[in-house]
Amino acid sequence: MEKIVVASTNMGKIREIKKMLDSIGIEVVSMNDVLDEEIDIEETGKTFKENAVIKAETIMNMIQLPTLADDSGLEVDALDKAPGIYSARFLGYDTSYDIKNQYIIDQVEGKERTARFICAMALAIPGEETMTIEESFEGEINDCIAGENGFGYDPIFYYPLLHKTSAEMSMEEKNLYSHRAKALKKLYSILKEK
Ligand code: IMP
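By convention here, each chain's residues receive numbers from 1 onward along its written sequence. For a predicted model such as this one, the threshold for reporting local features is a pLDDT of at least 70, and the threshold for listing and counting side-chain atom pairs is 80 or more; totals across whole chains, interfaces and linings nevertheless cover every residue. To obtain the side-chain values, all non-hydrogen atoms of the structure were included, while hydrogens and water were left out.

Asks: Looking at this structure, I do not really get the site of the ligand. What am I missing?
Replies: Working definition: residue near molecule or strand if any one of its non-hydrogen atoms lies within 4 Å of it. Inspection of the region around the ligand gives 15 residues, with Lys13, Ser72, Tyr97, Lys174 and Arg180 positioned closest. We call two N or O atoms a polar contact when they sit within 3.5 Å, provided that within protein one can donate a hydrogen and the other can accept it, with sequence-adjacent residues counted only if both atoms are side-chain atoms. Here an oxygen atom of the ligand and a side-chain polar atom of serine 72 are 2.7 Å apart. A distance of 2.9 Å is found between a nitrogen atom of the ligand and a side-chain nitrogen or oxygen belonging to aspartate 154. Put simply, DSSP marks the helices as runs of H or I at least four residues long and the strands as runs of E at least two long, and each gets a number from the N terminus on. Mapped by element, the contributors of at least two residues to the shell around the ligand are strand S3 (67–76) and helix H6 (179–193). It is S3 that contributes the most residues to the shell around the ligand, three residues altogether.

So, in structure tokens, the structure goes:
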């Protein structure tokens with residue numbers, strides 16, 4: 001395989017994937033580089049994997065090139081695994097993460113604090129069955145917002161091994177333990193054999 005299209009417009013994600021796959025000689029391009037029009041894919045799946053497959057197969061069917069998509073989010077046990085696949089939409093797309101994060105802290109007060117980030121990836125190749133990977137990053141909901149790095153729910157995601165939130169970790173630290181980094185490492189080893 002020489003080239004993979006990433007079914008995302010998130011430059012952060014594309015950069016991470018590019019960094020990993022460059023070393024095995026696979027060119028990584030964004031869907032914006034190969035599509036003439038902007039498209040908005042509806043995430044109608046009930047699981048992270050289903051949403052990743054929907055995104056990867058929709059783009060692959062349009063361009064007939066190997067296409068990778070990912071879907072990720074935060075599961076909080078005390079909230080019956082919410083916000084889960086609705087992580088980006090939780091309390092409204094336009095609501096700030098300060099509000100979303102404080103809401104979660106308030107909701108878990110006095111309850112079980114365990115939580116995890118999940119990352120599902122799907123690789124759709126023309127004429128082949130779509131491949132999926134799912135990895136998690138286990139932690140707890142912190143009792144306050146802490147840290148400036150990362151994005152989204154990082155300031156409330158406490159990682160006991162390092163005694164800090166994922167927003168207090170350096171990029172290098174997060175890339176050692178995160179759900180997305182683990183999924184990318186698995187993808188790398190699968191593609192190396194292809
Ligand atoms: P998507 O995979 O782009 O749909 O992102 C889902 C949402 O999950 C993001 O908008 C964040 O709210 C949350 N999320 C996923 N991964 C992370 C992470 O590594 N840190 C913080 N929030 C995350």
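Asks: When you look at the side chain of glutamate 75 in this model, what are you seeing that I'm missing?
Replies: Inspection of the secondary structure assignment puts glutamate 75 in strand S3. Buried residues are those whose accessible area, probed at 1.4 Å on protein chains only, stays under 20% of the maximum for their type, while exposed residues exceed 50% and partly exposed ones sit between those limits. When its relative accessible area of 15% is taken as the criterion, glutamate 75 is described as buried. Leave out the neighbours within four places in its chain, and glutamate 75 touches Phe48, Lys81, Ala82, Gly84, Ala115, Arg116 and Ile118. Throughout, a contact is declared for two residues whenever any of their heavy atoms are within 4.5 Å.

Asks: Whenever I open this one, the pairing of strand S2 (residues 27–30) confuses me. Can you help?
Replies: Consecutive residues of a regular strand have side chains that alternate between opposite faces of the sheet. Here four bridges tie strand S1 (residues 3–6) to S2, and the two strands are oriented parallel to one another. Each bridged residue has a counterpart across the sheet, and for isoleucine 4 the counterpart in S2 is valine 28. Consider the strands pointing away from the viewer: the crossover is right-handed when the path from the first strand over the helix to the second runs clockwise. Read as a crossover between parallel neighbours, the route from S1 over helix H1 (residues 11–22) to S2 is right-handed. Being paired, for any two strands, means DSSP has found at least two bridges between them.

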